[in-house]
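Spelled out, the chains give:
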Amino acid sequence: GQQVKQSSPSLTVQEGGISILNCDYENDMFDYFAWYKKYPDNSPTLLISVRSNVDKREDGRLTVFLNKSGKHFSLHITASQPEDTAVYLCAAGYGANTGKLTFGHGTILRVHP
Amino acid sequence: EAAVTQSPRNKVAVTGGKVTLSCNQTNNHNNMYWYRQDTGHGLRLIHYSYGAGSTEKGDIPDGYKASRPSQENFSLILELATPSQTSVYFCASGDRCSGNTLYFGEGSRLIVV
């Protein structure tokens, strides 16, 4: 079965609004959680990540929330802008520094002016 | 300048033919990975390596081989290409010291006819 799942294939938000992207996972062993951003015909790039010993991390307009008991993590983007329009991939991994990540299928975020 | 470069960027191969996808990184990372991205599947790990001379099977290794002749280079080899291997392939490198962060190449689009 799919270990990391993004249930929403797409999300549309008005400029200035909050974009909330969700990810659910199955494996209790996961202790690293990340969000990658991908433009069409470009490579994924890391946006923000968090370890399992924290339940929230902020970086500018981005905030990751981790709910370990619910096996769920989310990315909140405040003051969404048209240039935020992209595919957002959640990813999870375990074991120190292995880099072996399991990715979700991605959510297409569209921010309309 | 790009730190992870892939070649070729685009390739059309015939069924049963041999295909080699090459990846070079100048990040001096120990770890390198090959993923494929397909609609409806997200990114899936094929093979990975923790250093020159070593390769490991990822989640979907069947039909693929890998080679890590040096710190900088990691190749993905399709000995007998099949149409089901039509996909976009991404190489990535990671730094053991910075945990699970992956730095991706631009992708190689392979079509097997």
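1. A word on the overall build of chain A
Moving on, step 1. Scanning chain A for helices and strands turns up 0 helices and 11 strands.
Moving on, step 2. When the helices and strands of chain A are listed from N to C terminus, the series reads β-β-β-β-β-β-β-β-β-β-β.
Moving on, step 3. For chain A, whose C-alpha radius of gyration is 13 Å, the value lies close to the compact-globule estimate of 13 Å for 113 residues.
Moving on, step 4. Summarising its shape, the C-alpha atoms of chain A cover approximately 40 × 30 × 25 Å along the three principal directions.
Moving on, step 5. Counted over contacts in chain A with a minimum sequence separation of 6, partners at least 24 positions apart contribute 56%.
Moving on, step 6. Within the structure as shown, chain A displays about 5400 Å² of accessible surface, and the carbon and sulfur contribution to it stands at 48%.
Moving on, step 7. Of the charged side chains in chain A, 11 are positive and 11 negative, and the gap between their average positions amounts to 4 Å.

2. Digging into the packing of aromatic side chains
All names here are of chain B.
Moving on, step 1. The full count for this structure, using the stated rule, is 15 aromatic pairs over all chains.
Moving on, step 2. Considering the side-chain rings of F90 and F104, the 6.2 Å spacing of their centres and the 90° angle between planes classify their relative orientation as edge-to-face. Residue F90 is found in strand β9 (residues 87-94), and its partner F104 is found in strand β10 (residues 102-104); the two are separated by 14 residues along the sequence. For the pair F90 and F104, a shared accessibility class is recorded, and that class is buried.

3. Some details on the nonpolar core
Soluble, globular proteins show a tendency: their nonpolar side chains are buried together.
All names here are of chain A.
Moving on, step 1. Counting 22 residues, the largest nonpolar core has F33, W35, F73, L75 and Y88 as the members making the most contacts within it.
Moving on, step 2. Elements supplying a minimum of two residues to this core: β3 (19-25), β4 (32-38), β5 (45-51), β7 (62-67), β8 (72-77), β9 (86-93) and β11 (107-112).
Moving on, step 3. Per-element accounting of this core gives the leading share, 4 residues, to β9.
Moving on, step 4. Excluding its chain neighbours within four sequence positions, the residues that come into contact with F73 are L21, N22, C23, Y25, F33, A34, W35, F65, L66, C90 and A91.

The rules behind the values
- Residues numbered from 1 in each chain as written.
- Chains lettered and ligands numbered in written order.
- Predicted model: local features only at pLDDT ≥ 70, side-chain atom pairs only at ≥ 80, totals over all residues.
- Heavy atoms only, no water.
- Helix = DSSP H or I, 4+ residues; strand = E, 2+ residues; numbered from the N terminus.
- Rg over C-alpha atoms; globule rule 2.2 N^0.38 Å.
- Contact = heavy atoms within 4.5 Å.
- Areas by Shrake-Rupley, 256 points an atom, 1.4 Å probe, with all protein chains shown as cover.
- Lys, Arg positive; Asp, Glu negative; His and termini not counted.
- Charge placed at Lys NZ, Arg CZ, Asp CG, Glu CD.
- Phe/Tyr/Trp six-rings, centres within 6.5 Å; stacked < 30°, edge-to-face > 60°.
- Buried < 20%, exposed > 50% of the residue type's maximum accessible area, 1.4 Å probe, protein only.
- Core = buried A, V, L, I, M, F, W, Y, C linked by side-chain atoms within 4.5 Å.

Such coordinate-based values are descriptive only and should not be taken to indicate function.
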